[in-house]
Amino acid sequence: MTDEKPTAGGVPVPVTPAGATSGAPAEFPPASPAGRGMFGNQGTGDVSGFGGLVRQHRTIEDSPRPYGGYFDEVRDALEEAYPAFGEAIEHVVVDRGELTLHIRPERIAEVCQVMRDDPALRFELCSSVSGVDYLGADERRLHVVYQLTSMTYRRRVRLEAAVSVEQPHLPSVTSVYPTADWQEREAYDMFGVVFDGHPALTRILMPDDWEGHPQRKDYPLGGVPVEYKGAEIPPPDKRRSYQ
């Protein structure tokens, strides 16, 4: 669609809005060191309002000790209780007042078991399992994030494990944290991460025969028409493009 803009003589003439895009369907975003737009997309008719966002990717580096707060105690307790600490923990990062332990993928269930059962740790609750796609920033671009809470000590810690698109396998933690059941299914559905040992790893949001994983950043923007009380709403790539 076009807007009307007055000419020098005051007569409105139709013009194409700056930034508007034609030629649906959506294109695949380029992989680059900096993500542009909310999902790195360009030329897709994105109406989210995040098209001007530019975010520089940072490499993961270990934070220097002391970390502060209870973070040193958590790291020391895990290192003492888990003999394979040096092999399993890739990075320990403290950023914005939060502690993140980056775990080797094959060790994630073991680490969760220790985090839950050790008397000095007691992270009894896994409140969230979610996925992140770092397209163009990490060869192992699919990250799975586990939010753990110790109700005994009122502490929180984040575990993070990264896998590649070619080998998107992680051990399921449902045997340690039953709350991870549906959350792992959602990460599988949206990102294509396969949780080995999950009791029933099936899609939870999309139909069983859906092709692809919609929250991967190379998944084309667009969609399917939605019917609502007799009215049909077109997919995003068929709607008007806004500046």
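The protein has the name NADH-quinone oxidoreductase subunit C in an unreviewed UniProt entry, where Micromonospora craterilacus is given as its organism.

Below, the discussion takes up the environment of Ala120. Tracing the sequence through the fold places Ala120 in the loop between helix H3 (108-117) and strand S7 (125-133). The exposure class of Ala120 is partly exposed, given its relative accessible area of 41%. Between the alpha carbons of Ala120 and Asp76 there is a distance of 9.7 Å; along the sequence they are 44 residues apart. The residues touching Ala120, leaving out its near neighbours within four places in the chain, are Ala77, Tyr153 and Arg155.

Moving on, we come to the packing of helix H1 (residues 71-81) against H3. Closest axis-to-axis distance for the H1/H3 pair is 10 Å, and the angle between their directions is 110°. Judged by the angle between their axes, H1 and H3 are roughly perpendicular. The hand of the H1/H3 crossing is right-handed. For the pair formed by H1 and H3, the contact residues are Val74, Leu78 and Ala81 on the first element and Val111, Val114 and Met115 on the second. Its residues assigned to classes, the contact of H1 with H3 comprises 6 nonpolar, no polar and no charged.

Next up on the list: the environment of Leu101. One can find Leu101 in strand S6 (residues 98-103). Not counting the four nearest positions on each side in its chain, Leu101 is found in contact with Leu78, His91, Val92, Val157, Arg158, Leu159 and Glu160.

Sheets are built from strands paired through backbone hydrogen bonds, the pairs being either parallel or antiparallel. Judged by pairing direction, the sheet is mixed, and its 5 strands sit side by side in the order S5-S6-S9-S8-S7 without closing on themselves. The sheet is open, and its two edges are formed by strand S5 (89-95) and S7, each paired on a single side. Here the average twist between neighbouring strands, direction ignored, is 20°. Examined bridge by bridge, S7 and strand S8 (residues 142-150) share 8 bridges and lie antiparallel to one another. When the sheet's bridge partners are listed, Leu125 is paired in S8 with Thr149. Packing against the sheet, H1 makes contact with S5, S6 and strand S9 (155-163), and its axis sits at approximately 25° to S6.

Definitions and cut-offs
- Residues numbered from 1 in each chain as written.
- Predicted model: local features only at pLDDT ≥ 70, side-chain atom pairs only at ≥ 80, totals over all residues.
- Heavy atoms only, no water.
- Helix = DSSP H or I, 4+ residues; strand = E, 2+ residues; numbered from the N terminus.
- Buried < 20%, exposed > 50% of the residue type's maximum accessible area, 1.4 Å probe, protein only.
- Contact = heavy atoms within 4.5 Å.
- Axes fitted to C-alpha atoms, helices over the stretch in contact; angles between N-to-C directions.
- Parallel < 35°, antiparallel > 145°, perpendicular 65-115°, else oblique.
- Left-handed = near helix turned anticlockwise from the far one by under 90°.
- Nonpolar A, V, L, I, M, F, W, Y, C, P; charged D, E, K, R; others polar.
- Pairing = 2+ DSSP bridges.

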